[in-house]
Structure formats: structure tokens, C-alpha cells
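A closer look at the structure
Below, each chain spelled out in residue letters.
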Amino acid sequence: MNAKLKTDALDLTSLLNGLVFFSPVSLLVRTTAGISLSQFFILQAITATMVLLTEVPLGKLTDRIGYKSTLVLYQIALLISRTCLLLAHVSCSYSLFVLQAILEGTAASFSSGTQSGYIYIMFSKEHYAEKSAHVANYGTFGFFASTLAYAVLYTLIGIKGLLLATIAANLAGVFVSLRIPKETSQPKCETHQKKNLPYSQLFRQKKIWVLLMILAALSIGRILINFFYAEKLQLCGINETWLTGIIMGYSAIQLLSERILAHTKPEHYNRMLALFFVLSGVALGVLGLVNVPVWTILFMLVLPLFLDIPSYLLGEVQNSIVDAAGREDNRAELLSVFNMGVNVTEIFYLFGSSLLVSAGSAACFVILGVFMAMVGIGVCLSVKRVLLLSMQEKKNN
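Residues numbered from 1 in each chain as written. Predicted model: local features only at pLDDT ≥ 70, side-chain atom pairs only at ≥ 80, totals over all residues. Heavy atoms only, no water.

Scanning the protein chain from N- to C-terminus turns up 14 helices and zero strands. Seen in sequence order, the protein chain has helices and strands lined up from the N terminus as α-α-α-α-α-α-α-α-α-α-α-α-α-α. For the protein chain, long-range pairs separated by at least 24 residues make up 85% of all intrachain contacts whose partners lie at least 6 apart in sequence. Carbon together with sulfur atoms contributes 67% to the accessible area of the protein chain, which is approximately 19,200 Å² in total. (Helix = DSSP H or I, 4+ residues; strand = E, 2+ residues; numbered from the N terminus. Contact = heavy atoms within 4.5 Å. Areas by Shrake-Rupley, 256 points an atom, 1.4 Å probe, with all protein chains shown as cover.)

Okay, here's the thing in C-alpha cells:
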């Protein structure tokens, strides 16, 4: 693997995108402008709907105009969305908040699959996971900076100032994104047996749906972190004010993902998948079953890292499936279709989880933990089977 990845325009764009100064008061941005909680959730639903509606069409657009162009368009769309948020906050206009939700969902669709495909093309299959973690770490640095600056800026310039500071960072992001190198030609896999595999045939494969279920489970794990960590602290008798420190702590630990992947050889990726799925399962299980403060805080801190490693590795798997299907020229579109499938699968997870909430959030943690552990064991058995077949072939030869 690379000894050290150099900082480039993609990294700096991620850093600037992480500077969301209003993030700690994102709900207040709406409610202080007269938006009720029910309206807030409607706005979130509008954003999610726009992502579903525009994800595949914008993936097709990316395949036509190129990855770099779409990354620039994403930055422009994000800038327009944040500017609209400021105008909506100042004018207390629900209509502008609706427009902003539409713009935010569209902006998110511009980035869906685009960055993943760009990294895969520009940094090769061997360095995909490491570079993905490298770019994400710059976003984390931005998060650190904006979180540390938030308290001072909020005291000095209020919510409007926080929005203006974020817009300034987004504007800088637009100019930096113009310096992202144009992607090279698509890598062609020489080992396909079939070219341009139709989507209908591709999605009849069992492995595709298994992959989507696993990706959705990783997404649900992050939802549990975002929404149930505060409740878990209460159950352990820990003051909720600890949550900010825990968020900063697990964000710092997530920075280790790049170093871990940099020291992992591609031939050992499956073993890493198995290991971190099992670790994720253990961490989720402990958080669901144990209310001892020390153990709770420990596993709260390491769970996000445990989920990150499989996510980066499975990103490479998705791109490899595109190659195997002979759909390199439709890479962004197919990655968007995968993301769409994950979102749909995630909806079923969420509905199932809603039925379990009456039993407490512990059941959600435990059931997801069992699933993660089973995935890890399944990958481990698969690796063992491949090794045994390889040894048998060598013996026969």
C-alpha cells in the first residue's frame, strides 16, 4: 500500500465540506424560524425523497459529463442549498425551507456514487479503501475545527453568523473542487465472461441482494449511533453532557481507519471484513445488553471505527461488481442504483426496528449485533473454504 497519500484537491474539498459550523444547532436553525417539529420531519422526508428520485438520473449524468464535473456541480449545489437555508432562516419562510430541502436532496444525489467511482478510477483497486478513508479523515478534521469554533462563533455572531461561515467554507469548496484532476479513462477488466450485463440479470444474482442487506445494516448501525447514544448514556446513569466528548472521541478514533487499511494487503481484505464484522457484532451486543458505564463508553467510542472499515472495503467490492458486469461506462449510474437499493432495504430495517422499539432500543442493538456477527462468521467460513480449495489445487498439481 501507499506509504503516505499526498494531500490533493479532493481531500481539501472534503475538509471544507466538514466545516458545518451550524451543525450543533441545525434543529434550532429551523425551530427559531418558526418551524415546528412535525414540519422539521416533513422537511427531512422531502430531502430523502429527492435523493431517491434524482439519484439514478444524476448517476447517468455523471457517466455522460465525467466525475470531476459532477463533483464540481455537487459543490455548487451544496452552496446554493446552504444559501437558501440562510434566506429561509432570515425570512422565516416555510416555502424556502421546502425549497432548501429539495436542493439538499438533489445535492446529495450529485455525490452519490460519484466520489466512490472517481477514487476507484484514479487510485486503482488496491488503493481504493485507503484513499476513501484518507478523504473521509479530512472531513473529520473539518468537523473537529467547526465543532471547536462553534461555541465562540455562536456567542459572537449567532446562528446567522454560523450559516454565513458555513457558506464561506462552501464557496471555498467550489473553487478548490475546480482543481480536482480530471479522471483518466475507465479501467477495463480483462476477465469478464460477459459484457454489459443487463440490470435485470445483474439484480437476479443472490450475492447482490446479500451485499445490499449488509450495506443497509452498516447504515442502520450509524443510525443507532446518531439517535440512541444519548438514551444509552441515560440508561447507564451518565449525564448527557458527556455525549459531546464521546462524539469527539469516536471521531478521533475513526482517523485510525486509514492507517489500518494502509497496513492491510489486498489479499487480506476478506479477513479484515470478517474481523471487523465480528467486532461490530460484539460491540452492538454489549451496548444492547450491558449498562456498566465503563464498558458502555468504551464500546461507544470504538463502534464507529468497527463500522467504517467494512464500509470502505465494500465500496471496492461494489466497484469490482461493476467491472465484472462489464458496465464500466455506467459506473456512476450502477453505483447510484446500489445506493438506491440500500435505501430501500434500509426502509425495511427501519420498519422492523420500529416494531421492536416498544421492547426498548436494546433489542435493536442486539438483533443488529447478531446479524453483524453472522456476516463476519460467514465471511470467515468463505475465506477458509477458498484457502482449502487453493491448497487442494496445489496438492493436485
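Evaluated as defined, the whole model comprises five salt bridges. Among the salt bridges present, the one from Arg-222 reaches Asp-308, with a minimum N-O distance of 3.6 Å. Of the two residues, Arg-222 is situated in helix α8 (residues 206-235) and Asp-308 in helix α12 (residues 293-324); the sequence distance between them amounts to 86 residues. The partly exposed category is assigned to Arg-222, whose relative accessible area is 30%. Of the charged contacts, one joins Asp-323 and Arg-331 as a salt bridge, the two residues approaching to 2.6 Å between their closest N and O atoms. Of the two residues, Asp-323 and Arg-331, both sit in the buried class. A network of salt bridges, in which partner residues are shared, links Asp-8, Asp-11 and Lys-131. (Salt bridge = Lys/Arg side-chain N within 4 Å of Asp/Glu carboxyl O. Buried < 20%, exposed > 50% of the residue type's maximum accessible area, 1.4 Å probe, protein only.)

Take Thr-62: it is sitting in helix α3 (residues 37-65). Within polar-contact distance, the side chain of Thr-62 engages the side chain of Thr-70 at 3.0 Å. Ignoring any residue separated from it by four or fewer positions in sequence, one finds Thr-62 in contact with Tyr-67, Thr-70, Thr-114 and Ala-332. (Polar contact = N/O pair within 3.5 Å; in protein donor to acceptor, adjacent residues only side chain to side chain.)

Take the packing of α8 against helix α9 (residues 242-254) next. Where α8 contacts α9, the axes come no closer than 10 Å and their chain directions differ by 130°. As judged from the angle between their axes, α8 and α9 are oblique. Once α8 is placed against α9, the crossing between them reads as right-handed. Between α8 and α9, the residues in contact are Ile-225, Asn-226, Tyr-229, Ala-230 and Leu-233 and Trp-242, Leu-243, Ile-246 and Tyr-250, respectively. Considering only residue class, the contact of α8 with α9 consists of eight nonpolar, one polar and no charged. (Axes fitted to C-alpha atoms, helices over the stretch in contact; angles between N-to-C directions. Parallel < 35°, antiparallel > 145°, perpendicular 65-115°, else oblique. Left-handed = near helix turned anticlockwise from the far one by under 90°. Nonpolar A, V, L, I, M, F, W, Y, C, P; charged D, E, K, R; others polar.)

With that settled, the discussion passes to helix α4 (residues 67-91). With 25 residues, α4 ought to run about 36 Å at 1.5 Å a step, and its terminal C-alpha atoms sit 36 Å apart, in line with that. Taken from the residues just after α4, Cys-92 is the one with a positive phi, measuring 55°. (Expected span 1.5 Å × (residues − 1).)

Our next topic: the environment of Leu-256. Structurally, the position occupied by Leu-256 is in helix α10 (residues 256-262). A residue is classified by how much of its surface remains accessible, and Leu-256, at 42% relative accessible area, is partly exposed.

Going through the model one piece at a time under the given rule, you end up with seven aromatic pairs. Seen from their ring centres, Tyr-120 and Tyr-128 are 6.1 Å apart, and the 65° between their planes marks the pair as edge-to-face. With a centroid separation of 6.0 Å and an interplanar angle of 45°, the aromatic rings of Phe-143 and Phe-144 are classed as tilted. Owing to a relative accessible area of 25%, Phe-143 belongs among the partly exposed residues under this scheme. Residue classification places Phe-144 among the buried residues on the basis of a relative accessible area of 16%. (Phe/Tyr/Trp six-rings, centres within 6.5 Å; stacked < 30°, edge-to-face > 60°.)

Before going further, it helps to spend a moment on helix α5 (residues 94-111). Taking 1.5 Å as the rise per residue, α5 with 18 residues should run 26 Å; its terminal C-alpha atoms sit 26 Å apart, in good agreement. Of the positions making up α5, those classed as buried are Phe-97, Gln-100, Ala-101, Gly-105, Ala-107, Ser-109 and Phe-110. Phi for Gly-113, located one or two positions after α5, is positive at around 80°.

Relative to the assigned elements, Thr-264 resides in the loop between α10 and α11 (269-289). A relative accessible area of 6% places Thr-264 in the buried class. At 2.7 Å, the side chain of Thr-264 and the backbone oxygen of Ile-260 are in polar contact.

On average, residues of the protein chain carry a pLDDT of 84, and 88% of them reach 70 or more. Confidence drops under a pLDDT of 50 for residues 190-194, and excluding neighbours within four residues, the segment shows eight contacts in the predicted structure. (pLDDT = per-residue confidence, 0-100.)

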